[in-house]
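Each chain, letter by letter, is given below.
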Amino acid sequence: MKVIKFGGTSVGSSEPLLNVQKIVGSRSGATIVVVSACSGVTDLLMEASKLASEGRTGYRDIIAGIGKRHLDLASLASARPGYASLEVELRQMLSELGSLLDGVCTLGVLPEKTAAQIVSYGERMSAKIVSTLLEGSRLMDSLEFIKTRKIDSRTMLDDELTCKLVAEAFEGFGQESEVAVVPGFISTDAVSGAVTNLGRGGSDYTASIIAASLNAESLEIWTDVDGFMTADPKIISTSYVIDELSFTEAMELCNFGAKVIYSPALYPVSQKDIPIYIKNTFNPSAKGSVIRRERSRSERAVTGISSIDNVCIVSVSGPSMAGIVGIDSRIFRALAHHDISVFLVSQSSSETNISLGIREEQADLAKELIEKEFEHEIAAGAMSRVEVHRNMATVAVVGEQIRSNPGTAGKLFSVIGRNSINVVASAQGVGDSNISIVIERENLRKALNALHDSFFLSVYQELNLFICGVGTVGGSLLGQLASQSAKLMKENNLKLNVVGIARSSCGVFDRDGLDISDIKALLSRAKPLNLSQLRDEVIGMNIFNSVFVDCTASEEVAGLYKDFFEHGISVVTANKIAASSEYSNYAGLKDLARRRNVKFLFETNVGAGLPIINTINALRKSGDKVDKIEAVVSGTLNFIFNTISSDTPFSETVRLAKEQGYSEPDPRIDLSGKDVIRKLVILAREAGYVVNQEDVKAELFIPDEMFKCSLEEFWQKLPSLDAGFEAERKRLEREHKVWRFVASIEPGKYSVALREFKEGHSFYKLEGSNNIVLLTTDRYHDHPMLIQGYGAGASVTAAGVFADIISIANIN
């Protein structure tokens, strides 16, 4: 024997009703079908009751709509022998319903018994339609065998009597292919016989009670989802169906927001070890989820994540609470007498504070009740007034294997902290399969996505990128992202989701991701944007695993990093401004990023894509000390001094550097050595030295007047330097020497200068725009470490930025 329950959406319209017919018809063996009211009907009946009690006649229109809907559904059974009587009975029930509401409207009151009787018609009408549609089935009246009792003003199931009556009602049932249809949700009082109900979601409970009472083979819950999901698919698009979970896990997920099954329905069948299958009426072929006492062992500690978004934290505190026995019992007794449910409890070890998770709609009453219970202590100053923290949400990470997997809680808090989300309260019992945290409601989406991603419930890991600057480096980076995204997804399960692109005065944003295959078309719909609006867009999206990628040279954009770090957003930058700014600012940014557990990566600030900064950091972290650095780190200047020849004078090499994208639009920025000074400062700081730009001695190789004139005048005057450079070039050629613009770092001595190197030196054979760095350390003293390669150009710089982004994802 199997018990099958169909929810409101499964019986609420023609297509799923026909699926119900096929699903039940495909079964062999005895089947008990429990049905809910048609979707939305219970709410409509409650609304009609309210209108009637207020003397408003709008309830008649509601009943007319309900009647038409049910009569239309009944027409699906028009070919059945019982159709004529079905139509008559539906009209009779609608007439009774109308009479009840007319009485309520006349009297202006809605007694509890009458309210329960009115809402019972939803299940009674749907059950009648389904039983007629399922030819050969018989309709059983659950009012005769589902019994309740009043206990402390609460309607509770009378387990023992119900079990006995169910067994009697179904005695002899179980013949091959026999089908019974039962309305769910509704019940009667064991003493008075008045109509009652099992609460919202009670049809699941009805089905579970019957299955347990009859020791059914299984219980199937047919609904409008494919099963239990790893998280709410409305929030997390990458959530997927949980194939198998335990009763304990299902209970925890349901208690914390998963609406797949009514949580009290789990208990009866769990006691008999009857498995529950969750299936989708709209997608019958889907595998669904199975809930059983012992689930197969999984390699994942976490089974699912659920949440409640309308909660408050009610905080009770006071010095008199410490060590006093009975405080907690007084709190819970006061709340229990008024049916206030506490779903989370967190208490400090000092016992001077207890925080209670309570539904938003009950928070004010809870505050009032607790303050009344402790009015004398509050008046005496021994306890503080109760505080209610509103606009909160609760997230529950659930899995029976949490208890046997060390580090799950640590990982949870690390992920939440890294995304700059504050935990207001938390709870986990000894041996518990649930770790619950309370956070501000505005951070719920971000928290769920971050946790889902980090516990590898997602089919892939995701980084959400904001790209600022779409010039040569930014444009090249977007091209690389577009071309490599499929490979990263396939080989590393990593999705790089570009959610924002901004340039000097406009930007385009979409939290679901932008199509970067056509940047020109994308930017054509960009909206005007100033710096403040850029900040607000990035922070306001409040998206998990966020990375701001700065491909500009803007001091104003670099000024936003602090705000980004404060909000849990990592920064990857090719912009040298921040890392070479005043030491106090640089150190403050590094410290803030560390404290906020986000990344501040700027490998491309020196040497484009060469692993220079990472190498220095690795040496220092492993205990080595950097004693000296000599570096040729201007790809522009190296290109100029490698290109100069008898056929290509100095002025022409400068022009070529600009045309080929090696130099800034104003090449004097490169010729002044300012760019190299910035790079020197960054290298020195990463090597452990406290240095500012003004500490660096700069030896210029072109006259100072060239930097004071206009750009146009500069280009006009530049050829005047050609003769002098050519004479010196010839001398170097005779002496087998070359020019290199070198940054030198030693303790207390920092300089940049144009120097000459003989053949045989490491700096001698340096082609094109290549960079080279010599690191002398305690370990690499006699033979310095050499790092050499392309050090300029949009594509290699973009590749270095790309590498920094990948490093945040922590993939190999």
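J.: What should I look at first to understand the environment of cysteine 254 in this one?
T.: With respect to the helices and strands, the residue cysteine 254 is situated in helix H8 (residues 247-255). Judged by its relative accessible area of 10%, cysteine 254 falls in the buried class. Between the C-alpha atom of cysteine 254 and that of serine 307, which follows or precedes it by 53 residues, the distance is 9.3 Å. Setting aside its immediate chain neighbours within four residues, cysteine 254 contacts Phe228, Ile261 and Ser263.

J.: Just checking my understanding: could you explain the sheet that holds strand E17 (residues 425-427) for this structure?
T.: Within a beta sheet, neighbouring strands are joined by backbone hydrogen bonds and run either parallel or antiparallel to one another. One open sheet holds the six strands; their spatial order is E14-E15-E13-E16-E18-E17, and the pairing between them is antiparallel. Each of the sheet's edge strands pairs with one partner strand only, and the pair in question is strand E14 (342-347) and E17. Adjacent strand axes in the sheet meet at a mean angle of 30° when their direction is disregarded. Examined bridge by bridge, strand E16 (residues 387-398) and strand E18 (residues 434-440) share seven bridges and lie antiparallel to one another. Bridging from a neighbouring strand, valine 398 pairs with asparagine 434 of E18. The sheet strands contacting helix H10 (residues 327-336) are strand E13 (304-317), E14 and strand E15 (353-359), and the helix crosses E15 at an angle near 15°.

J.: What's the story with the packing of helix H13 (residues 408-418) against helix H14 (residues 444-454) in this structure? I'm lost.
T.: Each packed pair of helices is defined by two parameters, the angle between the axes and the distance between the axes. Two elements in contact, H13 and H14, have axes whose closest approach is 10 Å; the angle formed by their N-to-C orientations is 135°. Considering the angle they form, H13 stands oblique to H14. In this structure, the crossing between H13 and H14 has a hand that is right-handed. Here Lys411, Leu412, Val415, Ile416 and Arg418 of H13 lie close against H14, whose contacting residues are Ala447, Ala450, Leu451 and Ser454. Looking at the contact of H13 with H14 residue by residue, the classes come out as six nonpolar, one polar and two charged.

J.: Is there a simple way to explain the side chain of threonine 615 in this structure?
T.: Within the element layout of this structure, threonine 615 appears in helix H21 (residues 613-621). Contact partners of threonine 615, with chain neighbours within four places excluded, come to Leu775, Met785 and Ile787.

J.: Whenever I open this one, the packing of aromatic side chains confuses me. Can you help?
T.: Here the distance between the centres and the angle between the planes together describe a pair of aromatic rings. Taken as a whole and assessed by the stated rule, the structure comprises 22 aromatic pairs. Summarising the aromatic geometry, the rings of tyrosine 561 and phenylalanine 600 are spaced 6.0 Å apart at their centres and angled 65° between planes, so their arrangement reads as edge-to-face. Of the two residues, tyrosine 561 sits in helix H19 (residues 561-566) while phenylalanine 600 sits in strand E25 (residues 600-601), which places them 39 residues apart along the sequence. For the pair shown, tyrosine 561 and phenylalanine 600 are each scored as buried. Between phenylalanine 701 and phenylalanine 725, the ring centres sit 6.5 Å apart and the planes meet at 85°, which makes this aromatic pair edge-to-face. On the criterion of sequence distance, the pair formed by phenylalanine 701 in the loop between strand E27 (697-698) and helix H26 (711-717) and phenylalanine 725 in helix H27 (residues 722-734) is long-range, its members being 24 residues apart. Phenylalanine 725 matches phenylalanine 701 in its accessibility class, with the two residues each being buried.

Reading the values: rules and limits
Residues numbered from 1 in each chain as written. Predicted model: local features only at pLDDT ≥ 70, side-chain atom pairs only at ≥ 80, totals over all residues. Heavy atoms only, no water. Helix = DSSP H or I, 4+ residues; strand = E, 2+ residues; numbered from the N terminus. Buried < 20%, exposed > 50% of the residue type's maximum accessible area, 1.4 Å probe, protein only. Contact = heavy atoms within 4.5 Å. Pairing = 2+ DSSP bridges. Axes fitted to C-alpha atoms, helices over the stretch in contact; angles between N-to-C directions. Parallel < 35°, antiparallel > 145°, perpendicular 65-115°, else oblique. Left-handed = near helix turned anticlockwise from the far one by under 90°. Nonpolar A, V, L, I, M, F, W, Y, C, P; charged D, E, K, R; others polar. Phe/Tyr/Trp six-rings, centres within 6.5 Å; stacked < 30°, edge-to-face > 60°.

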